Amino acid sequence: MMEGGAYGAGKAGGAFDPHTLVRQPHTILRVVSWVFSIVVFGSIVNEGYLNTPSEGEEFCIYNRNPNACSYGVAVGVLTFLTCLLYLALDVYFPQISSVKDRKKAVLSDIGVSAFWAFLWFVGFCYLANQWQVSKPKDNPLNEGTDAARAAIAFSFFSIFTWSLTAALAVQRFKDLTFQEEYSTLFPTSAQP
């Protein structure tokens, strides 16, 4: 006989176990995605803007396109905040005893993770394209080039971390659906 109620709901109300939390693959991927987002927006904010002695105004290292830097920073910061939100949900998830509420949480995880994977794909393509068409005369000393390349590389890596997070959420949803059907067919209150 299977233990618990709704996908681990037998543990609902129990003590918080950080060791179990950090061993879960979706939590590890979320932390990795969080670090990647810091690298992307940190690289762009730190070294993504240049200025020349002849010009008083800063310009974006990606082909002088301020939208490219703004996109990278915006997606990075919003992903950072989303990771924090879903890490908090991962901490709270074992306390949720309702199957319907767990399903809602996992469905939102699927949608949000797929959405961020798509936005990171767009960001990678956009930053890589703008970097490719950047003119060497705009940056003769190659200042900030490592940071620009790091932002592009970690945008690429983020596509996979968020896609894997979405795939793991789909698996969690399947487990929840199975557990709900099992509980419906074999209620724990039924006595022989």
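What counts and what doesn't
- Residues numbered from 1 in each chain as written.
- Predicted model: local features only at pLDDT ≥ 70, side-chain atom pairs only at ≥ 80, totals over all residues.
- Heavy atoms only, no water.
- 1 Å grid on protein atoms, 1.4 Å probe; cavity = no way out; pocket = protein on both sides within 12 Å on 5 of 7 lines; lining within 4 Å.
- Points joined across faces, edges and corners; volume = space filled by probe spheres on them.
- Helix = DSSP H or I, 4+ residues; strand = E, 2+ residues; numbered from the N terminus.
- Nonpolar A, V, L, I, M, F, W, Y, C, P; charged D, E, K, R; others polar.
- Core = buried A, V, L, I, M, F, W, Y, C linked by side-chain atoms within 4.5 Å.
- Buried < 20%, exposed > 50% of the residue type's maximum accessible area, 1.4 Å probe, protein only.
- Expected span 1.5 Å × (residues − 1).
- Polar contact = N/O pair within 3.5 Å; in protein donor to acceptor, adjacent residues only side chain to side chain.
- Phe/Tyr/Trp six-rings, centres within 6.5 Å; stacked < 30°, edge-to-face > 60°.

K.L.:
Can you explain empty space enclosed by the protein? Please cite residues and give values.
P.N.:
This model, assessed by the stated rule, comprises one cavity of 30 Å³ or more. No other element matches helix 4 (residues 99–132), which puts three residues into the lining of the largest cavity. When grouped by side-chain class, the residues that make up the lining of the largest cavity number four nonpolar, no polar and three charged.

K.L.:
How would you summarise the nonpolar core if you had to cite specific residues and measurements?
P.N.:
One finds Ile44, Tyr62, Trp116, Trp120, Leu127 and Trp162 to be the most contacted residues of the largest nonpolar core, which totals 22 residues. Those elements giving two or more residues to this core turn out to be helix 2 (25–47), strand 2 (59–60), helix 3 (66–92), helix 4 and helix 5 (145–185). With seven residues, the next largest nonpolar core counts Ala105, Val106, Ala169 and Leu176 among its residues.

K.L.:
An account of helix 2 is requested, with residue identities and associated values reported.
P.N.:
When the terminal C-alpha atoms of helix 2 are compared, their 33 Å separation across 23 residues agrees well with the 33 Å that a helix rising 1.5 Å per residue should span. Within helix 2 the residues assigned to the buried category are His26, Thr27, Leu29, Arg30, Ser33, Phe36, Ser37, Val40, Phe41, Ser43 and Ile44.

K.L.:
Lay out helix 3 with the relevant residues and their values.
P.N.:
Relative to the 39 Å expected for 27 residues at 1.5 Å per residue, helix 3 spans 39 Å between its end C-alpha atoms, a close match to the ideal helical length. You can read the cap of helix 3 off the contacts: a side-chain oxygen lies 2.9 Å from the backbone nitrogen of Asn67, and it is on Asn65.

K.L.:
Can you break down the packing of aromatic side chains residue by residue, with the values?
P.N.:
Under the defined criterion, the tally for this structure stands at 11 aromatic pairs. Note on Phe115 and Trp116: the rings are 5.5 Å apart at their centroids and 65 degrees apart in plane angle, and the pair reads as edge-to-face. A relative accessible area of 6% places Trp116 in the buried class. An aromatic cluster of three or more residues is present, and its members are Phe36, Phe124, Phe154, Phe156, Phe157 and Phe160.

K.L.:
I'd like a rundown of the side chain of Thr165, residues and numbers included.
P.N.:
With respect to the secondary-structure elements, Thr165 resides in helix 5. Given a relative accessible area of 1%, Thr165 falls into the buried group. One polar contact links the side chain of Thr165 to the main-chain carbonyl oxygen of Thr161, over a distance of 2.7 Å.

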